[in-house]
Amino acid sequence: MGPISRAVTFLCNLAHSSSGPSEIPPLPTDFGPQNFLPASTLSFFSPVPSVEMTSTTLICDTQPWKDLKAHVQDIKKTHLRDLMNDKERCESMMVEFDGMFLDYSRQCATLDTMDKLYKLAEAASLKQQINRMYSGEHINSTENRSVLHVALRAPRDAVINSDGKNVVPDVWNVLDKIEDFSEKVRSGSWIGATGKPLKDVIAIGIGGSFLGPLFVHTALQTDPEAVEFAKGRQLRFLANVDPIDVARNIAGLNPETTLVVVVSKTFTTAETMLNARTLREWISSTLGPSAVAKHMVAVSTNLTLVEKFGIDPNNAFAFWDWVGGRYSVCSAVGVLPLSLQYGFSIVEKFLKGASSIDDHFRSAPFEKNIPVLLGLLSVWNVSFLGYPARAILPYSQALEKFAPHIQQVSMESNGKGVSIDGVPLPYEAGEIDFGEPGTNGQHSFYQLIHQGRVIPCDFIGIVKSQQPVYLKGEVVSNHDELMSNFFAQPDALAYGKTAEQLLKENVSQHLIPHKTFSGNRPSLSLLLPSLNAYNIGQLLASYEHRVAVEGFVWGINSFDQWGVELGKSLATQVRKQLHTSRTKSEPVEGFNFSTTKLLTRYLQASSDIPADPPTLLPRI
Ligand SMILES: O=P(O)(O)OC[C@H]1O[C@H](O)[C@H](O)[C@@H](O)[C@@H]1O
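Residues numbered from 1 in each chain as written. Predicted model: local features only at pLDDT ≥ 70, side-chain atom pairs only at ≥ 80, totals over all residues. Heavy atoms only, no water.

This part covers the sheet that holds strand β3 (residues 100-103). The mixed open sheet is built from 6 strands, whose spatial order is β2-β3-β14-β13-β11-β12. The open sheet has two free edges, formed respectively by β2 (94-97) and β12 (432-434), since each of these has just one partner strand. The mean angle between the axes of side-by-side strands here comes to 15°, regardless of whether they run parallel or antiparallel. Packed onto the sheet, helix α17 (residues 402-414) meets β11 (389-394), β12 and β13 (457-462) and runs at close to 165° relative to β12. (Pairing = 2+ DSSP bridges. Helix = DSSP H or I, 4+ residues; strand = E, 2+ residues; numbered from the N terminus. Axes fitted to C-alpha atoms, helices over the stretch in contact; angles between N-to-C directions. Contact = heavy atoms within 4.5 Å.)

Before going further, it helps to spend a moment on the sheet that holds strand β8 (residues 258-263). Ordered in space as β7-β6-β8-β9-β10, the 5 strands form an open sheet in which the pairing is parallel. Two strands bound the open sheet, and with one partner strand each, they are β7 (234-238) and β10 (316-318). Each adjacent strand pair in this sheet contributes to an overall mean axis angle of 20°, direction not counted. Direction of pairing for strand β6 (residues 200-204) relative to β7: parallel, over a ladder of 5 bridges. Bridge pairing links Ala203 to Phe237 in β7. The sheet strands contacting helix α7 (residues 168-187) are β8, β9 (296-300) and β10, and the helix crosses β10 at an angle near 150°.

Looking now at the site of the ligand. Around the ligand, the structure places 13 residues, and the nearest of them are Ser209, Ser264, Thr266, Thr269 and Glu412. With respect to the ligand, the side chain of Ser209 contributes an N or O atom lying 2.6 Å from an oxygen atom. With the chains in place, 87% of the 390 Å² that the ligand exposes on its own is no longer accessible. Of the residues that constitute the shell around the ligand, the class distribution is 2 nonpolar, 8 polar and 3 charged. (Near = heavy atom within 4 Å. Polar contact = N/O pair within 3.5 Å; in protein donor to acceptor, adjacent residues only side chain to side chain. Areas by Shrake-Rupley, 256 points an atom, 1.4 Å probe, with all protein chains shown as cover. Nonpolar A, V, L, I, M, F, W, Y, C, P; charged D, E, K, R; others polar.)

A few words on the packing of aromatic side chains. Inspection of every chain in the model, using the stated rule, returns 18 aromatic pairs. Centre to centre, the rings of Phe210 and Phe237 are 6.2 Å apart; their planes meet at 55°, and the pair counts as tilted. Of this pair, Phe210 sits in the loop between β6 and α8 (211-220) while Phe237 sits in strand β7; the two residues are 27 residues apart in sequence, bridging distant segments of the chain. Like Phe210, the residue Phe237 is buried in the burial classification. A ring pair is formed by Phe402 and Tyr543, whose centres lie 4.8 Å apart and whose planes are at 85°; its orientation type is edge-to-face. One end of the pair, Phe402, is in helix α17; the other, Tyr543, is in helix α22 (residues 533-554), with 141 residues separating them in the sequence. (Phe/Tyr/Trp six-rings, centres within 6.5 Å; stacked < 30°, edge-to-face > 60°. Buried < 20%, exposed > 50% of the residue type's maximum accessible area, 1.4 Å probe, protein only.)

All right, on to the nonpolar core then. Soluble globular proteins tend to pack their nonpolar side chains together in the buried interior. Grouped together as the largest cluster of nonpolar side chains are 135 residues, with contacts concentrated most on Tyr104 and Phe350. No other element matches α22, which puts 12 residues into this core. When near neighbours in sequence (up to four residues on either side) are disregarded, Tyr104 contacts Ser92, Met93, Met94, Val95, Met114, Tyr118, Leu373, Leu377 and Leu524. Grouped together as the second largest cluster of nonpolar side chains are 24 residues, Leu253, Val262, Phe267 and Ile283 included. (Core = buried A, V, L, I, M, F, W, Y, C linked by side-chain atoms within 4.5 Å.)

A word on the pattern of salt bridges. Under the definition given, this model contains 25 salt bridges. Between Glu137 and Arg132 there is a salt bridge; the shortest N-O distance is 3.3 Å. For Arg132, a relative accessible area of 11% puts it in the buried group. Arg362 is the salt-bridge partner of Asp359, the closest N and O atoms lying 3.4 Å from each other. Placement of both Asp359 and Arg362 in helix α15 (residues 344-363) is noted, with a separation of 3 residues, approximately one turn of the helix. The exposure class of Asp359 is partly exposed, given its relative accessible area of 36%. When its relative accessible area of 5% is taken as the criterion, Arg362 is described as buried. Residues participating in the shared-partner salt-bridge network are Arg390, Glu431, Asp433 and Glu550. (Salt bridge = Lys/Arg side-chain N within 4 Å of Asp/Glu carboxyl O.)

In this section: the packing of helix α16 (residues 370-384) against α22. With their axes 8 Å apart at the nearest point, α16 and α22 run at an angle of 50° to one another. By the angle class used here, α16 and α22 are oblique. Where α16 crosses over α22, the two elements pack in a sense that is right-handed. Between α16 and α22, the contacting residues are Pro371, Val372, Leu374, Gly375, Leu376, Ser378, Val379, Val382 and Ser383 on the first element and Ser542, His545, Arg546, Val549, Glu550, Val553 and Trp554 on the second. Split into classes, the residues belonging to the contact of α16 with α22 amount to 9 nonpolar, 5 polar and 2 charged. (Parallel < 35°, antiparallel > 145°, perpendicular 65-115°, else oblique. Left-handed = near helix turned anticlockwise from the far one by under 90°.)

Relative to each other, α8 and helix α14 (residues 332-342) sit at 25°, their axes nearing to 9 Å. Classed by the angle they form, the pair α8 and α14 counts as roughly parallel. α8 and α14 meet at a crossing whose hand is right-handed. Here Pro213, Val216, His217 and Leu220 of α8 lie close against α14, whose contacting residues are Val333, Gly334, Leu338, Gln341 and Tyr342. Class assignment of the residues belonging to the contact of α8 with α14 gives a composition of 6 nonpolar, 3 polar and no charged.

As structure tokens, then:
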């Protein structure tokens, strides 16, 4: 589609927009320092190169995009085997910040590629877009909201404005309230309805109200400092509406010693609310309805609905509509359950780690900026080299929930088909994220990565294990054994193995095609000094900002998620049908042939379930 037809589409979209011209997205502008202090950051707002694009231009129409397209042919002529011999190139593809070390020399890219990517960033007004985010502009234009998760971990004295109001004091009011409440629970001064201390916590929530906190919890669970603070306590997560998940969560727990935290930005999510009603029943059927006051608290932006549910707003922890669900782990969404488990001081370190990357992202030049480099390289791999997926491979079992979290951060953010102005994209945006800790993944899906499809890989390694094991007589420590693989795999992918090498090894002729590795498969290596709360915060923020960089370059809105709505509304129709069919034996109606058949079969095969059964909770 050419620029004229795109402009026409854009105008048509505006004409069909229900609320009229007020929805016209603002034109990109430059933003001054007035909205964000302290002064140490002012250099970031220095004048930036002129904006090349208008609001309706797509990035693929710019010269830097076209140059990169043409450049693909140059790169196709290279092989990582040769590129890796260029020491100077490799050295300039290594970046360090605050203990984090990024080596992207195994990307199918030259220094020329990087220059072209920086020009692309300029054409996409990347710096201005980052400024707009930190300045509290409503860059989430389809929901008319600021995007300020950086404010959640800003120091107490920072000033970050949203709609003319500094939001940092509000952030810290909630953090102080969490510190106070979690200390009361942990010290036993806040007790349950029968006078017992609350040592177990079930956090109910799904999506962004679950995945981030689960990732951080899983990572902290084996950190010696955090373990010390968590002694005698349990934190569990109830996400799925599947009653099996309820059973797993309450198994072995006593409502008398359990605190339930209901986490939902909207407080309307069907799964979370049904799970919340289920655990309310679990508590009140044993301890009486008044026990809810001591055993249930909430985290939400919707305090009215919290109160309506029966949770005292004094026992609710707020956050704000400028925090996207998948970016909310640094709000009370993550901070409350994690502080209950590990104490606020540990969680504060996590926030500080994230904040350090926030400063770096905001102020470092692009060539030294870890999230920017990660984001630009992803755009290069997806939009130019045509690799639609990315494998996230932490060589750390403690990071086993990192890939699932990043799946939501990345795929819900950038899984879009239109530009921020509603113009259909003539290029692919977003990527398929998946991953498993190494070495487990090596024994599962790496075959495809080595000899099948090309999948750019993120190798994440930790210098010092928090739980070292040394066995006398072994060649290396257990962590060195793990890390041997972390260092070996990227080279195996980059270099491969040629037929000539195999011939020298006397491999039989007929096996040569099967044992040949083409190599030239891109990866990057990220090395963290350790995996304490601070490092976990750094890792999280690096990936959050990387995803934003990709979205800014692709020209999409990375902060809405309309794609999740359709399935939800269809489920409402099915829910209604299941109710009427079960209670009034009415036939299935209003669905297509396939769904009618499936629903009818489901209802018939479970017709022994009474129409109005008594309350039943899992017994496990
Ligand atoms: O926190 P809640 O309002 O309950 O929302 C939970 C989740 O709901 C939806 O699935 C959204 O797509 C997610 O972004 C969100 O995290």
